[in-house]
There are 2 protein chains.
Amino acid sequence: MTYGNALHALADPTRRLVMESLRSGPRAVGDIARGMPVSRPAVSQHLKVLKEAGLVTDRAEGTRRVYYIDPNGLAALRAWLDQFWDKALGAFQAETEKSFEKEKPE
Amino acid sequence: MTYGNALHALADPTRRLVMESLRSGPRAVGDIARGMPVSRPAVSQHLKVLKEAGLVTDRAEGTRRVYYIDPNGLAALRAWLDQFWDKALGAFQAETEKSFEKEKPE
DNA sequence: CGTTTCCGTAAGTCATAGCTTACCGTAAGC
DNA sequence: GCTTACGGTAAGCTATGACTTACGGAAACG
């Protein structure tokens with residue numbers, strides 16, 4: 001149920017901002033917080049959630065912590081979405097066919 | 001920013017249960033609520049959120065409302081995820097290469 | 001070593017989200 | 001037409017989550 005954590009983590013707009021800022025590459029916490037609408041501790045808390053969801057990882061670099069995107073969480077989310085998509089699409093197509101028959105009653 | 005709504009909607013476990021129950025095909029509200037851990041009004045509220053996120057649609061059928069999955073929301077989410085995946089993966093690979101060079105200092 | 005930088009955590013506040021019960025409109029059934 | 005099934009909405013409660021300030025610890029720097 002790791003995709004559940006990923007969905008929960010990505011549901012927050014600020015956390016998505018953090019992810020976006022990491023999309024271009026690894027960054028330190030203070031660097032991420034700079035230019036964010038919230039305080040640095042808030043960013044730390046968000047990073048913790050993202051890390052637990054498997055969306056980011058961190059690495060110590062002297063006195064600073066460098067965070068970067070972890071593909072695992074994204075992969076889990078994508079796998080769930082794809083699997084969902086396949087089954088749901090079939091059901092939806094059957095539905096549109098039904099309303100299609102209404103307009104072409106033959 | 002419709003993927004934001006989709007993420008927010010799918011972040012809730014009960015709402016995911018609703019989506020799962022619609023995966024096999026269209027169902028009426030009462031039918032969905034039957035076998036859910038929450039009350040029927042709660043399901044109605046969840047359906048409203050899902051509908052606003054473009055994840056479900058409904059159709060009147062006599063006195064009952066039949067809900068079924070709307071591919072639009074899922075498609076938006078998937079598009080965002082794919083686009084994110086591509087850019088982030090490159091950054092991550094550059095990162096792993098960096099730690100790889102550490103182990104092979106030549 | 002003292003100091004400074006960087007960051008995580010604790011404590012507390014405030015808004016929001018999810019749930020319930022109660023109520024109302026609407027379409028079918030007799 | 002009255003009643004019954006169905007489902008959306010209102011009102012209210014409670015828990016959780018996102019933020020803040022304040023504090024503490026660890027690594028570099030002089």
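Residues numbered from 1 in each chain as written. Chains lettered and ligands numbered in written order. Predicted model: local features only at pLDDT ≥ 70, side-chain atom pairs only at ≥ 80, totals over all residues. Heavy atoms only, no water.

Chemist: Before we move on, can you summarise the protein's contact with DNA strand C with the specific residues and values?
Modeler: Residues in close proximity to DNA strand C total 22 residues, the closest being Gly30(A), Ser44(A), Tyr67(A), Ser39(B) and His46(B). Put simply, 62% of the atoms of DNA strand C that lie within 4 Å of the protein are in sugar or phosphate. The side chain of Arg40(A) places a nitrogen or oxygen atom 3.0 Å from a base oxygen of DNA strand C. Between DNA strand C and Ser44(A) there is a distance of 2.3 Å, counted from a phosphate oxygen to a side-chain nitrogen or oxygen. Elements supplying a minimum of two residues to the surface near DNA strand C: helix H3 (29-33), helix H4 (40-52) and strand E3 (64-69) of chain A together with helix H2 (13-23) and helix H4 (40-52) of chain B. Per-class residue counts for the surface near DNA strand C are 7 nonpolar, 10 polar and 5 charged. (Near = heavy atom within 4 Å. Polar contact = N/O pair within 3.5 Å; in protein donor to acceptor, adjacent residues only side chain to side chain. Helix = DSSP H or I, 4+ residues; strand = E, 2+ residues; numbered from the N terminus. Nonpolar A, V, L, I, M, F, W, Y, C, P; charged D, E, K, R; others polar.)

Chemist: Go over the protein's contact with DNA strand D, please, and point to the residues and values.
Modeler: In the vicinity of DNA strand D, 22 residues are found, and the nearest of them are Ser39(A), His46(A), Gly62(A), Gly30(B) and Ser44(B). Between DNA strand D and the protein, one listed contact pairs a phosphate oxygen with a side-chain N or O atom of Thr14(A) at 3.0 Å. Contact distances for DNA strand D include 3.2 Å between a phosphate oxygen and a backbone N or O atom of Val29(B). Those elements that provide at least two residues to the surface near DNA strand D are helix H2 (13-23) and H4 of chain A together with helix H3 (29-33), H4 and strand E3 (64-69) of chain B. Split by residue class, the surface near DNA strand D holds 7 nonpolar, 10 polar and 5 charged.

Chemist: Could you give an account of the interface of chain A and chain B, with specific residues and numbers?
Modeler: Each partner contributes residues to the interface: chain A has 33 residues there, and chain B has 33 residues. Carbon and sulfur atoms make up 71% of the area that chain A and chain B hide from each other, which totals about 3,300 Å². The largest per-residue losses of area from chain A upon contact with chain B belong to Arg23(A), Phe84(A) and Trp85(A), which jointly make up 21% of the total buried on that side. If you look at where chain A meets chain B, you find 2 salt bridges. With a shortest N-O distance of 2.5 Å, Arg78(A) and Asp82(B) are connected by a salt bridge. Inspection of the region where chain A meets chain B yields 2 residue pairs in polar contact (both at pLDDT 80 or more). Looking at which element gives the most residues to the side of chain A that touches chain B, the answer is helix H5 (residues 71-103) of chain A, with 17 residues. Its residues assigned to classes, the side of chain A that touches chain B shows 20 nonpolar, 5 polar and 8 charged. (Contact = heavy atoms within 4.5 Å. Buried area = accessible area lost by both parts, 1.4 Å probe. Salt bridge = Lys/Arg side-chain N within 4 Å of Asp/Glu carboxyl O.)

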